[in-house]
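Residues per chain, in single letters:
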Amino acid sequence: MNILVTGGCGFIGSHFIEYFLSTYPEGKVTNLDALTYAAHPDMLKHLDTLAPDRYSFIHKDITDPTLKNWIKNTKFDALINFAAETHVDRSILDPDSFVRTNIMGVQNLLTVAREGGNIRFVQVSTDEVYGSLKSDSPPCIETTPLDPNSPYAASKASADLLVLASARTYNQPVLITRCTNNYGPFQFPEKLLPLLIANALENTAIPVYGDGKQVRDWIYVVDHCRGIDAVLQKGISGEIYNISSSGEAPNIEVIKKVLTLLGKPHSLISFVGDRPAHDRRYGLNSSKIRKELGWSPLFSFEEGLKITLDWYLKNTEWWKKVRGKDYFKYYQANYEKKFGSLTSAMKEVSS
Ligand code: DAU
């Protein structure tokens, strides 16, 4: 299978490329990526030597209107879209870039996939499109109504609707995956887990939004990639597939667990102002992909966490380099004035 992966230098996309090329010795990947702030081509550098004839990179943005002409001269079997602005806090501060990439970009890619021979189109979406789940509600299924709360979630829900509209209007072969919170090596240290690990290793305060009792459903990134691959290979066109590992846990418990595993004091925890429109709980029912496509997760939260902590401990240079001081500057300039106070420890690092 010869696939076009968009956003393959991001956290999940890069893990997918590595998974795909190592699983299918005949598989070929073209990775199209705009190399925004969260891209980390480091993860894929070794492919230039390991699979030079099966991997190629194109530096382009998914909103580029010329892509539909470029694809006419290619022969891909499928397009899998990972490209997205993904961080909820950033979407609150700068929603426009989310509309541009996550909505306009996906609309452009749908046209690109049609012009490229009406190839199979897989949209990598998120459980956030279902909105916040009540504490006593059962986990969301694929037909749970969309009820997004943040600009990020609204942009992903909009994209899902455009994808489904293309299936109905143009008979386009599309599939949508919706997954829970991912974690693993190479995740940009703005998301809770890598931020927590990096701050803890630097003995810096861990900002916990609100009361910290929000629930997230955790999945190891490789299990997510395996789920996307199952959908790519065996999924039915026009269908949506939830992917989850049934790992629901309150943030504060996850934070305490990580601090304990790292041998760091719980006094690093610092409660700060809450995220506006903060979703209280996410939880997904993934029986459909399990029953229909035979997928199930391989990694427990404990196993995935161990691999992840180990990686961040061994790769301090990487996360120090990618977040640098900009991360703290970003928080100081934007976050504090909108959501509440930063801890004095974070102020010290940013000065
Ligand atoms: O559920 C899937 C989604 O998970 C993906 O679609 C998103 O792209 C991804 O960003 C993630 O969204 P969340 O908002 O759940 O992830 P985040 O890591 O930003 O936050 C996880 C939880 O931790 C959330 O309840 C907010 C909280 N949090 C986060 C950060 C960064 C804190 O308490 N402190 C923090 O510093």
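Structure's up top.
Residues numbered from 1 in each chain as written. Predicted model: local features only at pLDDT ≥ 70, side-chain atom pairs only at ≥ 80, totals over all residues. Heavy atoms only, no water.

(A) Region of the structure containing the pattern of salt bridges. Applying the stated criterion across every chain, the model contains 16 salt bridges. Glu-190 is paired through a salt bridge with Arg-90; the nearest N and O atoms lie 2.7 Å apart. Linking Glu-190 in the loop between strand 7 (181-183) and helix 7 (192-201) with Arg-90 in helix 4 (residues 88-93), this pair joins segments that are 100 residues apart in sequence. Across the salt bridge formed by Asp-310 and Lys-314, the nearest N and O atoms sit 2.8 Å from each other. Linking Asp-310 with Lys-314, this pair stays in helix 11 (residues 301-314), spanning four residues, or about one helical turn. (Salt bridge = Lys/Arg side-chain N within 4 Å of Asp/Glu carboxyl O. Helix = DSSP H or I, 4+ residues; strand = E, 2+ residues; numbered from the N terminus.)

(B) Layout of empty space enclosed by the protein. Under the defined criterion, the tally for this structure stands at one cavity of 30 Å³ or more. Counted as a void, the largest cavity has a volume near 40 Å³. For the largest cavity, the full set of lining residues is Val-88, Glu-128, Ser-150, Arg-216, Arg-275, Pro-276, Ala-277, His-278, Asp-279 and Tyr-282. When the residues that make up the lining of the largest cavity are grouped by side-chain class, the tally is four nonpolar, two polar and four charged. (1 Å grid on protein atoms, 1.4 Å probe; cavity = no way out; pocket = protein on both sides within 12 Å on 5 of 7 lines; lining within 4 Å. Points joined across faces, edges and corners; volume = space filled by probe spheres on them. Nonpolar A, V, L, I, M, F, W, Y, C, P; charged D, E, K, R; others polar.)

(C) Structural detail: the sheet that holds strand 10 (residues 240-243). An order of 3-2-1-4-5-6-10 is seen for the seven strands of this open sheet, with the pairing classed as parallel. With one partner strand each, in any of the chains shown, strand 3 (55-59) and strand 10 form the two edges of the open sheet. Between one strand axis and the next, the sheet turns through 20° on average, direction left out of account. Direction of pairing for strand 2 (residues 28-33) relative to strand 3: parallel, over a ladder of five bridges. If you follow Val-29 over to strand 3, its bridge partner there is Tyr-55. (Pairing = 2+ DSSP bridges. Axes fitted to C-alpha atoms, helices over the stretch in contact; angles between N-to-C directions.)

(D) Geometry of the side chain of Glu-128. If you trace the backbone, Glu-128 turns up in the loop between strand 5 (120-126) and helix 6 (151-170). No salt bridge is formed by the buried Glu-128; its nearest oppositely charged neighbour, Arg-216, is found at 5.4 Å. (Buried < 20%, exposed > 50% of the residue type's maximum accessible area, 1.4 Å probe, protein only. Lys, Arg positive; Asp, Glu negative; His and termini not counted.)

(E) Here's a closer look at the sheet that holds strand 9 (residues 215-220). Taken in spatial order, the three strands make up an open sheet running 7-9-11, and their pairing is mixed. Edge positions in the open sheet fall to strand 7 and strand 11 (248-250), since each of these has one partner strand only. Mean inter-strand twist for the sheet, computed between neighbouring axes without regard to direction, equals 50°. Judged from the three bridges that link them, strand 7 and strand 9 form a sheet pairing that is parallel. By the bridge assignment for strand 9, Asn-182 is matched with Ile-219. Its contacts with the sheet put helix 8 (residues 221-234) on strand 7 and strand 9, and the angle it makes with strand 9 is roughly 75°. (Contact = heavy atoms within 4.5 Å.)

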